[in-house]
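# Coordinate inspection notes
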Amino acid sequence: MLTHRERGRRGDEHRPAPWVRTRLRSARAAAALTAVLAFVTVLTVTALPRATDRGANSALAAFAQDRGVKATSLHLTARPRPDTPAADLDSARDRLVGQITGDLPLTRDGEHHGTRALTDRAVLNDGYDRPGGIAPQLHLLYLQGLAGHATLTDGAWPGPAAPGEPLPIAVSRRAADTIGLRVGDTVDSGPAARARIVGLYRADDPHDRYWQELPCPERACLKTLDGGGVRWETAGFASGDSRPALLAWGGGGEDFWRLPVDPHALRADRLAALRSGVGSYLAGSGAVRAAEVTGRPDLTVGTLLPEVLAEATARHRATAPLAAIGPAGVAGVAAVVLCLAAALAADRRTAELRLLRARGGSRAGILLRLLGENAVTVLPAAGAATALALVLLPTPRWTAAVLAAVAGTLLAVLALPVRAAALLSRPPATGAPPVGAGGSGRRRAVGELLVLAVTGAAVAEVRRRGAAPSASRPDPLLVTAPLLVALSGGLLLARIQPAVVGRLAALARRGRGPIVFLGLARSARDSGGRHRPAVLPALALLLAVTTAGFGATLLDTVDGARLRAARTAVGGDAAVLVPQDAPLPEAFVTAADALPGVRASTGVRIERQTYLLGTGRLAVQVTLVVVEPWAYAEIARTVGAGAFDPALLADPAVLADPAVLADAAPSDTAPSDAARPDVPVPALISPGLAGQLTPGPQRLRTPGGELLATVVGTTPATPALPEAVREFVVVPVGAAAARLPELARPDNWFAVGDIDGDRLRPLFAARGLTDASGLAGLLREEAREVSEEPGGIPDGYLVRTARETAAALAADPLQHSTVRLFRSAAVAGVAFALLAVLLTVLRASPDRAAVLARLRTMGLRPREGLALIVVETVPQTLAAVAGGAVVAAGAVALLGPAFDLSLLVGAPVGDRPAPSLLPVLLPTAGVALLVCAAVVLEAAVSGRRQIATELRAGDRR
């Protein structure tokens with residue numbers, strides 16, 4: 001008898017091997033390829049939501065940072081308590097931070113608190129600098145942490161105020177040097193309002209957010225008064241122990257806390273919650289709790305954050321469609337690739353599956369084993385890809401990424417069993433068409449008609465309501481509309497392509513040589529010999545090309561609209577604008593006209609205090625624009641703002657003689673008799689003035705006198721006034737200056753051409769600024785101090801170019817993030833489409849090698865074999881790529897009017913995307929070249945080896 005161990009060993013010998021282990025060992029290459037495909041796909045679909053969130057959050061942080069600490073802070077104020085120490089302000093600050101941090105993210109960068117005097121007082125001492133005879137103004141306050149942001153240069157930091165003694169303060173070294181203050185001076189600001197300067201300091205970083213909003217803390221500022229005149233202003237700082245004396249000096253005061261919100265902690269997906277949290281501190285439970293924790297019932301909260309967050313929300317909504325279309329396209333192409341890989345694997349194993357079914361295997365059992373086989377291969381790869389994406393792209397939100405990973409994993413696991421189920425449900429192919437084949441064709445037609453109907457409804461709805469979603473999340477309809485258009489195009493292409501390729505094959509049959517005919521005939525059939533080529537590879541290419549072409553057209557429209565908006569804002573390709581009381585020197589105008597790249601340029605005089613007399617009312621205030629007609633007409637034509645015929649503004653004497661008019665030149669604009677009061681100057685007016693004019697010449701009253709003008713036409717806009725707030729009149733400089741000589745002195749310069757701002761700006765700094773001394777010199781230096789213009793150009797003087805303005809409009813982080821994400825998605829989509837084509841080519845390679853081997857035995861040369869492969873494969877690829885280009889252009893035509901590009905441009909524009917050849921042609925040509933190169937390379941590398949194998953071994957199928 002057999003022992004128990006022997007019986008167990010005998011049972012083990014007859015136990016069947018596990019299915020999954022056996023299959024994976026026998027098809028290691030296929031299992032590895034499946035795992036790699038699952039890894040790449042899941043990594044891509046998981047990374048895209050993370051990249052979208054990171055881009056949106058970083059753009060929001062940059063947007064909030066650029067708005068400044070004033071706009072992104074909570075400003076809290078309360079009546080001061082002189083009987084409490086300064087530490088009470090610190091503890092109130094700690095309690096406020098502890099309360100608010102639960103609702104809003106706060107940062108210490110830019111935070112400050114303290115007590116400010118209610119009234120600013122003049123410094124009445126003699127001997128201090130008084131421009132225009134007006135005494136300097138002093139702002140006093142206590143600021144906690146002053147010594148941590150400034151360095152003492154003379155004296156000592158202020159201490160407590162002694163009873164009856166002046167209030168000890170510290171002022172900045174720069175302010176002291178400007179006004180004439182010294183350590184030890186007693187500043188007299190009236191009865192019971194004296195302060196003694198005990199120390200001078202220097203700000204460690206004048207641009208530190210800590211100093212922002214304070215009244216001239218690190219220098220003396222020259223302020224222009226409403227009633228005329230200027231005065232110096234600066235701040236003085238007292239100690240916390242001197243708060244009672246500070247309040248007495250200012251006739252009262254207020255305690256204040258500025259608590260900035262951390263821009264880098266803001267999240268684009270929580271904008272609605274942030275707006276709600278801020279609103280509660282303006283008028284709600286948050287304000288009540290803040291008053292309770294500080295013990296200040298009169299605590300008030302003010303902030304500009306609602307406006308900032310509302311603008312950020314609008315920007316996020318406007319860019320959401322384009323930001324989502326790219327990732328959606330990649331997801332669609334990736335899904336097609338997974339389905340294609342599953343279809344190819346199932347087709348390759350059709351005989352095996354049918355044999356298992358014929359030997360008694362149940363359909364459910366076979367599908368469960370396929371599911372287990374796929375799960376063992378896909379799940380580890382998908383898990384590793386998900387973890388890698390989460391680690392490489394950290395962001396607070398993970399739900400969308402994990403859901404995308406789960407969806408991609410499920411599709412990768414289920415695609416093969418579902419395809420196998422479809423194959424097992426079909427009857428084996430026979431010579432006669434199977435029963436129900438007509439019903440299958442009808443079902444396919446109904447499904448295609450349903451897709452077309454859904455696409456039409458989606459396009460109509462998007463055009464009706466626009467592409468900017470009203471919710472905080474992208475509308476799925478807006479995102480999927482271009483993909484639906486591509487899907488419909490793919491279905492139509494699948495119907496049209498076989499007939500077209502078959503017709504071409506019939507035509508090629510009459511030609512010389514069998515290569516073209518055989519290649520086209522095989523291209524018109526699938527692997528089963530039917531007149532229907534594979535749909536999935538063509539659909540992958542269509543989706544990739546449509547998404548890339550659609551986005552490229554949108555971005556090209558944005559670039560063009562941005563340049564036009566920049567030109568309109570500047571008034572040309574370059575402009576120099578100066579205050580009206582400081583006209584441009586003639587030397588600068590002459591030198592600027594001679595700059596390289598200038599095609600047309602002119603000085604322009606703008607008189608804003610001009611009145612049109614003799615209308616239906618007493619007078620209408622207008623803006624008078626004095627120009628050289630010929631150059632200004634070229635500028636208007638280039639900018640696209642109010643183009644006009646320069647002959648309309650020519651010399652009135654020239655206008656009377658058409659022969660002279662034909663030979664008129666720009667120098668003919670100064671009429672010989674224009675100085676006569678009875679000869680009106682020609683004028684173009686804005687359309688709004690046309691209905692208000694009385695018959696005959698019009699009277700224009702300027703600060704320097706009156707002009708008579710004859711209206712010769714209307715123009716809707718003019719380059720010199722890109723945002724005209726009132727009606728305007730354009731007159732020629734020659735005729736106008738002959739009557740009023742001051743009109744010949746331009747205060748603006750406009751030009752078009754390829755003009756370099758780096759050359760124009762130094763030229764203006766050297767020749768465009770008139771010498772200024774005295775009060776004018778002080779104003780000029782103050783203007784330099786606060787100016788944001790590079791090159792030492794004072795504030796109020798602008799040197800602008802359209803190129804720099806367009807670059808500034810394009811510098812928005814949200815635009816960069818959206819464009820970068822879309823381009824990355826387009827590249828990923830093309831890569832997946834290329835993978836789909838390669839999978840199809842590789843799957844068909846053995847069958848093609850067998851055909852070529854048979855043809856080789858009939859005299860086919862190797863070069864002709866390669867040509868046959870190319871002729872067979874390339875038409876399908878080119879048809880899909882060309883179809884994608886047509887579908888992309890159609891998607892732009894159908895969906896383009898729904899997109900408002902103003903946020904992507906950076907300025908309000910009326911441009912809408914329209915079909916354009918170049919943006920669609922470039923990605924289409926790139927995809928076509930890549931795919932054709934891959935096909936030819938595969939044929940050249942593997943085709944010859946496989947053919948040789950077939951010739952040696954024969955046809956084993």
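Before reading further, recall that the structure is shown in the block above.
Residues numbered from 1 in each chain as written. Predicted model: local features only at pLDDT ≥ 70, side-chain atom pairs only at ≥ 80, totals over all residues. Heavy atoms only, no water.

### Looking at the pairing of strand 15 (residues 619-627)
- Buried residues dominate strand 15, accounting for seven of its nine residues.
- Examined bridge by bridge, strand 14 (residues 598-613) and strand 15 share seven bridges and lie antiparallel to one another. Its bridge partner being in strand 15, Leu613 is matched across the sheet by Ala619.
- When strand 15 meets strand 19 (residues 728-732), the two strands line up parallel, connected through five bridges. Directly across from Thr623, in strand 19, lies its bridge partner Phe728. (Buried < 20%, exposed > 50% of the residue type's maximum accessible area, 1.4 Å probe, protein only. Helix = DSSP H or I, 4+ residues; strand = E, 2+ residues; numbered from the N terminus. Pairing = 2+ DSSP bridges.)

### Quick notes on the nonpolar core
- The biggest cluster of nonpolar side chains holds 75 residues, and the ones touching the most others in it are Val333, Leu541 and Phe550.
- At 14 residues, the largest contribution of residues to this core is made by helix 17 (residues 535-570).
- Listed in part, the 56 residues of the second largest apolar core include Ala71, Ala176, Val187 and Trp257. (Core = buried A, V, L, I, M, F, W, Y, C linked by side-chain atoms within 4.5 Å.)

### Looking at the environment of Pro746
- Along the chain, the position of Pro746 falls in the loop between helix 23 (733-739) and strand 20 (748-753).
- Distance from Pro746 to Val733, taken between C-alpha atoms, is 9.5 Å for residues 13 residues apart in sequence.
- With residues near it in sequence (within four places) discarded, Pro746 still touches Pro583, Leu584, Val589, Gly603, Val604 and Arg605. (Contact = heavy atoms within 4.5 Å.)

### With respect to the pairing of strand 16 (residues 681-685)
- In terms of burial, strand 16 is a largely internal element, five of the five residues being buried.
- Both faces of strand 16 are covered, namely the face carrying Val681, Ala683 and Ile685 and the face carrying Pro682 and Leu684.
- Across two bridges, strand 16 lies against strand 19 in antiparallel orientation. Paired with Leu684 across the strands is Val730, a residue of strand 19.

### A closer look at the state of the cysteines
- Using the criterion set out here, one finds one disulfide in the structure.
- In this model, Cys216 is linked to Cys221 through a disulfide, with the two sulfur atoms separated by 2.1 Å. Handedness here is read from the sign of the S-S torsion; for Cys216 and Cys221, about -130°, the answer is left-handed. Judged on exposure class, the residue Cys216 and its partner Cys221 are both buried. (Disulfide = S-S within 2.5 Å.)

### Observations concerning the packing of aromatic side chains
- Within the structure shown, the criterion is met by seven aromatic pairs.
- An angle of 0° between the planes, with centres 6.3 Å apart, marks the rings of Tyr201 and Trp211 as stacked. Here Trp211 lies in the loop between strand 8 (194-203) and strand 9 (221-224) and Tyr201 lies in strand 8, a separation of ten residues in the sequence.
- For Tyr201, a relative accessible area of 0% gives the class buried.
- Members of the aromatic cluster, connected to one another through ring pairs, are Trp157, Tyr201, Tyr210, Trp211 and Phe237.
- Its end group placed over the ring of Trp249, Arg121 keeps NZ or CZ at 5.7 Å from the ring centre. (Phe/Tyr/Trp six-rings, centres within 6.5 Å; stacked < 30°, edge-to-face > 60°. Lys NZ or Arg CZ within 6 Å of the ring centre and 35° of its normal.)

Function-wise, these values are silent; they only describe arrangement.
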